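# Structural description and commentary
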Amino acid sequence: MRSSGVTRSAAELGLAWALLLASCPGLTESHPQCLDFKPPFRPSRELVFCVQYREFGCCEAARDRELMDRYYRVLGRLEHSLHASCAAQVQDILCQECSPYAAHLFDAEDPSTPVRTVAGLCKDYCTEVWQKCRPIFGYMSDDKDLLDLENNMAKLCHYLALNDEDYCFPRLLTNTKLTKNLGLITADSEGCLQLCLVEVANGLQNPVAMVHANDGTHRFFIAEQVGLVWTYLPDRTRLEKPFLNITEAVLTSPWEGDERGFLCLVFHPKFKHNGKVYVYYSVEIEDFEERIRISEFTISSRDMNTLDHSSERIILEVDEPASNHNGGQLLFGDDGYLYIFIGDGGMAGDPFGKFGNAQNRSALLGKVLRIDVDNNNQGPLYRIPPDNPFVNDVSARPEVYAYGVRNMWRCSFDRGDPITKEGKGRLFCGDVGQNKFEEIDIIEKGKNYGWRAKEGFSCYDKKLCSNSSLGDVLPIYAYPHKHGKSVTGGYIYRGCEFPNLNGLYIFGDFMSGRLMALKENRQTGEWQYNEICMGVGQTCMFPGLINNYYQYIISFAEDEAGELYFMSTGIASATSPTGVVYKMVDTSRRAPPGKCHYEPLPVRVKSKRIEFVAKERFIPKTVPTKRPKIKTTTKPPARSRPTPQPPKNTTPDWLDEFLKLLRKENAGHEPRLHPTSATTKQSTAKPPKSRKGGQSGERRGEKKKSKTTGASTKRTESSELQNGAVRLVNNQGRTDRGRVEIYVNGEWGTVCDDLWSVKAAMVVCRQLGFSYVMKASKHAEFGEGRTLNILLDDVQCTGKERNLLECAHKGIGKHNCSHTEDAGVVCSQTENVS
């Protein structure tokens, strides 16, 4: 469920919370929380009064002193004869404000009720204290209702009691269920770590990146796939004028799953002094050629929140032979060099050249590049770092830093432990897999990461995999496609606010929507897996927190302070405004108040501010959603090198499943496409692949050719038919639409829809004499041609070919699909058709 975004009054919110608590008995279990609605913490200085909470609770030294002052004021009003018998009770009751469960003890968790002035007491304890020390209640509180009941023990103790008797004081001190894992990240019975979220931004069109300038302003900049970058101030207001707008230059489309577009930006480490920003985006040049472009922009001299659009300098361009596997990451390392992460060029199995682009060190595709862009205002736009690993290898490009990567989507440098700096500088990447596995790698200089010989720990190409000289580096973790089919790399958490998360590598999967974490065992070197779930019960039931997110996890981010965020969307289209940015929150423990405080440097704003309005809401959940368990080991198979195996087609096509899922969510809303009325950019767009390169081009199993029987399936032997002739077949008798059947070498057959697009449909419609194509239909919309052989698969056209045989395809009769995927078209002589 998604919220309507309608603002409620405080009274309505209070009523809603009260009804929620009353109607959901499974949500009444207490959860650590302080009176300020935040998690408890370890005090930065030792407490001297509420010593029972010196290790963990809700009080800093200043609050501890305030409570001690109140203690002496209460004792000062007591008769001297009561001091010895009542001093301990006064101290214990006052110190419950320091308890990790203070919010529960004082009813602060329920916004519909006033906060208690005295902690909730167990009735037997209250009775004992009243009998010995009756006056202390009136001295500790100015609550008029409490004072009126002071002389009536039964009514007073009923007033001070909690409905939940297991959590009243002092019984909660002996409640092992509460104290056993106090201060640790909450986990369910299956070990899934329960975290919460704060909504930070919304209404975004496929937010692919969020970065900061590292200039002390604590602004963050969110990039949309269409080519817009927005400036957000620390108070979450957005500036109306974009930081960057290159939508006219960026190549993308509204197609669901199209991975081309504006993919990344990064600020130069010396941005405060040189004002330089680098961007990574897709472009299309003449003759429909696609390229990856890395450009440099400079900040405007008139507005610190806008780039000078005329300042663009193209640093590097790389030809893209296909529309997917674009890579899309830019990072600056501690060495000051620019790291560029480029995919293998697209299509299935890296089919380029003898061993593929990724293993060819003379190609830039399938690589991690490292270049020097400092002091480039004169002379070359970039230089080669002198310690690049292949700088002296004439058979390799000197820009190459590491190779053998398929399609790395989201990489990050580890900031290092806040105190010891352990881990600082490690480079983590998520590499999107082919048919079986997704993987996480630590990238090191000069290393080979195995693609296409290996996918995860498994062999993909038998010949390459058996090559003992490959010397490839195995991933630190890999997971199978039954748990997710497109990894989104994340970050090692090194923020200040949530100490328990320190050292966790948090990442996700675009398709399954899983949030995951890895924690290194420093003794064994293994990375242990934990799934991350949204909190249930009261884990996230605090003001401002939510426990749900849109499924398609696009990217992760750090802010300037090192806190962790991720971006996801409800519809994986570059033009869908369903993108949301979430901040990750651990409600089990926080840093001491004030420790993470920072003062952002002032920002001169010349644009109108757009106030942030949160739209998401907390969704009550009493039972976590069970998911298939993933083995926690990150070891490869027992042998020192994985047993070579031929690549097998073991999973359905990624894009096929992706589109099926989207169709279920958006049934009846498939857009109509015709290139003549679209913009040039859309009309020339190549068929999109899965987001972040999940498209494998491979299908489950090998299909045998079906036998052709019956008059309707008899092979045509007419000499008038030429190879490549097409016809449309449907059960409506219409000539303008139907299943596409093609004539090749004396027989009619069907076309599979693996890469079927409007451009291929254009070829068919034009060949049949129609001026317009209205739709490229898939999944046997016009019926299955079961009595025919499948003659074409993986068809990719530019739209200018005379027939489908001139388009790129797998080969006549070669396929790995079924008739359930037979392609079709809808043609027309006019721009509109019913």
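Residues numbered from 1 in each chain as written. Predicted model: local features only at pLDDT ≥ 70, side-chain atom pairs only at ≥ 80, totals over all residues. Heavy atoms only, no water.

We now examine the nonpolar core. One finds Phe262, Leu265 and Ile340 to be the most contacted residues of the largest nonpolar core, which totals 67 residues. Contacts of Ile340, omitting those with residues within four sequence positions, involve Tyr280, Ile294, Leu316, Gln329, Leu330, Lys367, Val368, Leu369 and Ile371. By size, the runner-up hydrophobic cluster in this structure holds 44 residues, among which are Phe49, Leu82, Val118 and Cys122. (Core = buried A, V, L, I, M, F, W, Y, C linked by side-chain atoms within 4.5 Å. Buried < 20%, exposed > 50% of the residue type's maximum accessible area, 1.4 Å probe, protein only. Contact = heavy atoms within 4.5 Å.)

Moving on, we come to the sheet that holds strand 7 (residues 262-267). Strand pairing in a sheet relies on backbone hydrogen bonds, with the paired strands running either antiparallel or parallel. In spatial order, the strands read 7-8-9-10; together these four strands make up an open sheet with antiparallel pairing. If you trace the sheet from one side to the other, it starts and ends with strand 7 and strand 10 (307-320), each paired once. Taken over all neighbouring pairs, the strand axes of this sheet differ in orientation by 25 degrees on average, direction set aside. Note that strand 7 and strand 8 (residues 276-285) share five bridges and pair antiparallel. Across the sheet, Phe262 pairs through a bridge with Tyr281, a residue of strand 8. (Pairing = 2+ DSSP bridges. Helix = DSSP H or I, 4+ residues; strand = E, 2+ residues; numbered from the N terminus. Axes fitted to C-alpha atoms, helices over the stretch in contact; angles between N-to-C directions.)

Bringing the environment of Thr252 into the picture now. In this structure, Thr252 sits in the loop between strand 6 (244-245) and strand 7. Looking at Thr252, the relative accessible area reads 6%, which means it is buried. Separated by 27 residues in sequence, Thr252 and Gln225 have C-alpha atoms that sit 7.7 Å apart. A distance of 3.0 Å separates a polar side-chain atom of Thr252 from the backbone oxygen of Arg260. (Polar contact = N/O pair within 3.5 Å; in protein donor to acceptor, adjacent residues only side chain to side chain.)

Residue Pro170 is bonded to the preceding Phe169 through a cis peptide linkage, with omega at 5 degrees. Relative to the elements of secondary structure, Pro170 occurs in the loop between helix 8 (153-160) and helix 9 (176-179). Each neighbour pair has its own omega, and for Trp451 with Arg452 the value is 10 degrees, a cis peptide bond. Take Arg452: it is sitting in the loop between strand 17 (437-443) and strand 18 (454-455). Even without glycine at this site, Asn214 takes up a positive phi of about 55 degrees. Mapped onto the elements, Asn214 comes out in the loop between strand 2 (207-212) and strand 3 (220-224). Positive phi is not limited to glycine here, since His218 has a value of about 55 degrees. The class for His218 is buried, based on a relative accessible area of 14%.

With that settled, the discussion passes to the environment of Glu289. For Glu289, the location among the structural elements is in strand 9 (residues 289-299). With relative accessibility at 36%, the residue Glu289 sits in the partly exposed group. Separated by 30 residues in the primary sequence, Glu289 and Asp319 place their C-alpha atoms 7.6 Å from one another. Discounting residues that sit within four places of it in the chain, Glu289 has contacts with Val283, Glu284 and Asp319.

Attention now moves to the packing of aromatic side chains. Within this structure, the stated rule accounts for 26 aromatic pairs. Considering the side-chain rings of Phe267 and Phe271, the 4.8 Å spacing of their centres and the 90 degrees angle between planes classify their relative orientation as edge-to-face. Summarising the burial analysis for this pair, Phe267 and Phe271 share the class buried. Aromatic side chains Phe428 and Tyr505 sit 5.0 Å apart centroid to centroid with 20 degrees between the ring planes, which places their arrangement in the stacked category. With Phe428 in strand 16 (residues 427-431) and Tyr505 in strand 22 (residues 504-509), the pair connects residues that are 77 residues apart, well separated along the chain. Neither residue differs from the other here; Phe428 and Tyr505 are each classed as buried. Members of the aromatic cluster, each reached through a chain of ring pairs, are Phe428, Tyr477, Tyr479, Tyr505, Phe507, Trp527 and Tyr529. Geometry around Trp409 places Arg410 over its ring, the cationic atom sitting 3.9 Å from the centre. Directly above the ring of Trp748 sits Arg727, whose terminal nitrogen or CZ lies 4.0 Å from the centroid. (Phe/Tyr/Trp six-rings, centres within 6.5 Å; stacked < 30°, edge-to-face > 60°. Lys NZ or Arg CZ within 6 Å of the ring centre and 35° of its normal.)

Glancing now at the confidence of the model for the chain. With 84% of its residues at a pLDDT of 70 or more, the chain has an overall mean of 85. In this model, residues 665-719 is a region of pLDDT below 50 whose contacts with residues beyond four sequence positions or in other chains number 173 contacts. (pLDDT = per-residue confidence, 0-100.)

As a further point, take helix 8. Two residues of an α-helix separated by three or four positions point the same way, owing to the 3.6 residues in each turn. Listed in full, the buried residues belonging to helix 8 are Leu156, Cys157 and Leu160. Relative to the axis of helix 8, the buried residues are bounded by an arc of 95 degrees and lie together on one face. Projecting away from the buried face of helix 8 at angles above 90 degrees are the exposed residues Ala154, Lys155 and His158. Residues of helix 8 that are buried make contact with helix 5 (123-133), helix 6 (136-140) and helix 7 (144-148). If you check the start of helix 8, you find a side-chain oxygen 3.3 Å away from the backbone N of Ala154, and it comes from Asn152. (Arc of directions from axis to C-beta.)

All right, on to the packing of helix 3 (residues 83-94) against helix 5 then. For the pair helix 3 and helix 5, interaxial distance at closest approach is 10 Å and the crossing angle is 135 degrees. By the angle between their axes, helix 3 is oblique relative to helix 5. The two elements helix 3 and helix 5 meet at a crossing, and its hand is left-handed. Taking contact as the criterion, the partners of Ser85, Cys86, Gln89, Asp92 and Ile93 in helix 3 are, on helix 5, Tyr125, Val129, Lys132 and Cys133. Classifying every residue of the contact of helix 3 with helix 5 gives five nonpolar, two polar and two charged. (Parallel < 35°, antiparallel > 145°, perpendicular 65-115°, else oblique. Left-handed = near helix turned anticlockwise from the far one by under 90°. Nonpolar A, V, L, I, M, F, W, Y, C, P; charged D, E, K, R; others polar.)

The next thing to look at is the state of the cysteines. Counted according to the given criterion, the structure contains 14 disulfides. Disulfide partner of Cys122: Cys168, at an S-S distance of 1.9 Å. Of note, the bridge from Cys122 to Cys168 carries an S-S torsion of about 100 degrees and is right-handed in sense. In this pair, Cys122 is assigned in the loop between helix 4 (102-105) and helix 5 and Cys168 in the loop between helix 8 and helix 9, connecting sequence segments 46 residues apart. For the pair Cys122 and Cys168, one class covers both residues: buried. Across the disulfide, Cys459 is cross-linked to Cys465 (sulfur-sulfur distance 1.9 Å). Residues Cys459 and Cys465 are joined through a disulfide that is left-handed, its torsion about the S-S bond being -55 degrees. There is no split in this pair, since Cys459 and Cys465 are both buried. No disulfide involves Cys264; its sulfur sits 9.4 Å from the nearest other cysteine sulfur, which is in Cys411. Taking the relative accessible area as the measure of exposure, Cys264 reaches 2% and is therefore buried. (Disulfide = S-S within 2.5 Å.)

Before going further, it helps to examine the packing of helix 5 against helix 8. Between helix 5 and helix 8, the shortest axis-to-axis distance is 9 Å and the interhelical angle comes to 135 degrees. One element, helix 5, and the other, helix 8, form an angle in the oblique class. For helix 5 against helix 8, the interelement crossing comes out right-handed. Residues Lys123, Cys126, Thr127, Trp130 and Gln131 of helix 5 lie in contact with helix 8, whose contacting residues are Met153, Leu156, Cys157, His158 and Leu160.

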